[in-house]
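# Overview (structure and organization)
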Amino acid sequence: MDRLPDSTQGSTMRKYASEAGLLRAARQGPHGRSLTARTAHNMSASALRKKSDASLVRKVPFAPLRPVLANLQEVFLGTKLAVLFPAVPLAIAAQCANFGQVWVFALSLLGLVPLSERVSFLTEQIAIYTGPTVGGLLNATCGNATELIVALFALMEGKIEVVKCSLLGSVLSNLLLVLGTSLFCGGVVNLGSDQLYDRTQADVSTGLLILGVLCQSLPLMLRYAVSAGEHSVAADTTGLDLSRACSIVMLLAYVAYLFFQLKTHAQLFEPQDDDGEAEEDEQAVIGFASGLFWLAFKTVLIAILSEYVVGTIEPTSKSWGLSVSFISIILLPIVGNAAEHAGAIIFALKNKLVPLSVIVAWIAGIQMDLDFKLLETGSLFVSVIVTAFTLQDGSSHYLKGILLLLCYIVIGACFFVTRQPASHANNNGAGLSLPTGTSSAQVA
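Residues numbered from 1 in each chain as written. Predicted model: local features only at pLDDT ≥ 70, side-chain atom pairs only at ≥ 80, totals over all residues. Heavy atoms only, no water.

Here we come to the overall build of the protein chain. The number of helices and strands found in the protein chain is 18 helices and 2 strands. A burial count over the protein chain gives 46% of its 444 residues as buried. A sequence separation of at least 24 residues applies to 84% of the contacts in the protein chain between residues at least 6 apart. Put simply, the protein chain shows about 21000 Å² of open surface, and 66% of that area lies on carbon and sulfur atoms. (Helix = DSSP H or I, 4+ residues; strand = E, 2+ residues; numbered from the N terminus. Buried < 20%, exposed > 50% of the residue type's maximum accessible area, 1.4 Å probe, protein only. Contact = heavy atoms within 4.5 Å. Areas by Shrake-Rupley, 256 points an atom, 1.4 Å probe, with all protein chains shown as cover.)

Shown next, in the form of structure tokens:
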């Protein structure tokens, strides 16, 4: 082939560079912000991903089959957690063959780990095509798909305490375990120096968490105030009505937070990556239609395994000698947040799932309130306070991570030794617990 003249080559290179610059500008938007809507959840989960080996696909002699195989390779083998995928069909087979409820529970938990990570990956891929607003909403919704689906199945089966404990455990896991691990590992790698981060994001998240703790504490405080005779209420369902009102307030706060994050102050939530890495992360490896298909498929698998987990949690609790509260608060959230444990500093908010569950229960005619009882509410309150003090100065070191991890261990040990009475296993929170003989004086 004849070699192009130098002038022609230079013109061609300038043309390609110009087109690349226009493409980069179009993807970044008018204000220079990335349109992929990457969140902390996606940034942390990306640490578990690995590049697929395209050489194996190119060796396939049938050319039309190569794109399909490449797609399957990205979806199933593009993660370091791919070794856990066999647990998914094994869990389904164990359930169909009545192999044992404990085995079904254990295999379902293992299968949910890679599925959760892959859902995060797929939502990030779809976000590249949809832009920042839709992509951010997808990340906010599907990023918590596992916890949400488990909560909905437990809710439909009337296992209110499982719902409450699993959602509470999700908050505690992110505040103490995930954040503590991130601070500890980052501090160990950077001994002798502090790691800096943007205090604005931490302040906003802390404010929302404090609002969430207030809304979840009010039904508990109301119940104790009525039981002590300090106040009276119009009806014994006032606590349930207060819980629903607080849930609406928390959902409104979350909508305001999304508008703040995605629209008015999106620049505050931009990931601090090198330019080269950001460009590499923004490249889509699967198509839009393919991403939607696999997202729906993975969500169905998560729904199936979540139903298995909810249905076998009580027999597993008896077999393992662990309380349902411990399994719901410690084990389930660790599985749901497994992909996040590989990241740097993250501050994922899960409080939005709690009010959403109350609203869904309200629509379904199930009486679920926000009364998380004294031990659970106290653990959440102290965790938020400890996290707020940890993040207040905008810097981190390994000692902060150790303190958060120790707080999580202590709370886990507390729930490990507790045994919930059978009469409260599926308490539906129908109303306030009024002391005998004084209800007439306290209920107007």
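Now, onward.
What follows covers empty space enclosed by the protein. All chains considered together, the criterion is met by 4 cavities of 30 Å³ or more. Quantified by volume, the second largest cavity comes out at close to 80 Å³. Along its surface, the second largest cavity is lined by 11 residues, and Thr146, Glu147, Val150, Leu332 and Pro333 are the ones closest to its centre. If you list the elements that add at least two residues to the lining of the second largest cavity, you get α6 (101-130), α8 (145-156) and α14 (324-336). Residue composition of the lining of the second largest cavity, by class: 7 nonpolar, 3 polar and 1 charged. (1 Å grid on protein atoms, 1.4 Å probe; cavity = no way out; pocket = protein on both sides within 12 Å on 5 of 7 lines; lining within 4 Å. Points joined across faces, edges and corners; volume = space filled by probe spheres on them. Nonpolar A, V, L, I, M, F, W, Y, C, P; charged D, E, K, R; others polar.)

Turning next to the packing of aromatic side chains. A complete count under the given rule lists 10 aromatic pairs for this structure. Taking 5.3 Å as the distance between ring centres and 90 degrees as the angle between the ring planes, the aromatic pair formed by Phe76 and Trp294 counts as edge-to-face. Taken together, the residues Phe76 in helix α4 (residues 66-77) and Trp294 in helix α13 (residues 288-320) connect sequence positions 218 residues apart. Residue classification places Phe76 among the partly exposed residues on the basis of a relative accessible area of 26%. Judged by its relative accessible area of 10%, Trp294 falls in the buried class. (Phe/Tyr/Trp six-rings, centres within 6.5 Å; stacked < 30°, edge-to-face > 60°.)

In the structure shown here, the tally under the stated rule is 6 salt bridges. Here Glu117 makes a salt bridge to Arg118, at a shortest N to O gap of 2.8 Å. Taken individually, Glu117 and Arg118 each receive the classification buried, so the pair is uniform in this respect. We note a salt bridge from Asp393 to Lys400, for which the minimum N-O separation is 2.7 Å. (Salt bridge = Lys/Arg side-chain N within 4 Å of Asp/Glu carboxyl O.)

Let us look at α8. For α8, spanning 12 residues, the distance from its first C-alpha to its last is 16 Å, which sits close to the expected 16 Å at 1.5 Å a residue. Most of α8 is tucked away: 9 of the 12 residues are buried. Here α8 has its buried residues at Ala145, Thr146, Glu147, Leu148, Ile149, Val150, Ala151, Ala154 and Leu155. Remark: Gly158 follows α8 within two positions and exhibits a positive phi of approximately 75 degrees. (Expected span 1.5 Å × (residues − 1).)

This part is about the packing of α8 against α13. One can describe the packing of α8 onto α13 by two numbers: an axis separation of 9 Å at closest approach and a directional angle of 50 degrees. Put simply, α8 runs oblique to α13. Between α8 and α13 the crossing geometry is right-handed. In this structure, α8 uses Thr146, Ile149, Val150, Phe153 and Ala154 to contact α13, whose residues at the interface are Thr299, Ile302, Ala303, Ser306, Glu307 and Val310. Tallied by class, residues from the contact of α8 with α13 come to 7 nonpolar, 3 polar and 1 charged. (Axes fitted to C-alpha atoms, helices over the stretch in contact; angles between N-to-C directions. Parallel < 35°, antiparallel > 145°, perpendicular 65-115°, else oblique. Left-handed = near helix turned anticlockwise from the far one by under 90°.)

Looking now at unusual backbone geometry. The phi dihedral of Asn98 is positive, around 55 degrees, even though this residue is not glycine. Within the secondary structure, Asn98 is located in the loop between α5 (87-96) and α6.

In contact at an axis separation of 12 Å, α4 and α13 are set at 45 degrees when each is read in the N-to-C sense. Considering their axes alone, α4 and α13 lie oblique with respect to each other. Relative to α13, α4 is oriented so that their crossing is right-handed. On α13, the residues that touch Asn71, Leu72, Val75 and Phe76 of α4 are Ser290, Trp294, Phe297 and Lys298.

This next bit is on the state of the cysteines. Per the stated rule, a full pass over the model turns up 0 disulfides. Left unpaired, Cys246 is separated from the closest cysteine sulfur, that of Cys215, by 4.5 Å. What makes Cys246 buried here is its relative accessible area of 6%. (Disulfide = S-S within 2.5 Å.)

Below, the discussion takes up the environment of Ile286. Examined against the element boundaries, Ile286 turns out to sit in the loop between α12 (275-281) and α13. Separated by 216 residues in the primary sequence, Ile286 and Ala70 have C-alpha atoms spaced 8.9 Å apart. Once residues lying within four places of it in the same chain are set aside, the contact partners of Ile286 are Asn71, Glu74, Phe121, Leu122, Gln125, Tyr129 and Gly291.

Here Ser317 is to be found in helix α13. Classification of Ser317 as buried rests on a relative accessible area of 9%. Those residues in contact with Ser317, other than ones at most four positions away along the chain, are Leu322, Ser323, Val324 and Ile327.

So, about the confidence of the model for the protein chain. The share of residues in the protein chain with pLDDT of 70 or more is 71%, and the mean pLDDT across the chain is 75. At the low end of the mean pLDDT range in the protein chain sits helix α18 (residues 439-442), at 36; at the high end sits α5, at 94. With pLDDT under 50 throughout, residues 342-352 is counted as low confidence; its partners more than four residues away or in other chains account for 48 contacts. With pLDDT under 50 throughout, residues 433-444 is counted as low confidence; its partners more than four residues away or in other chains account for 21 contacts. (pLDDT = per-residue confidence, 0-100.)

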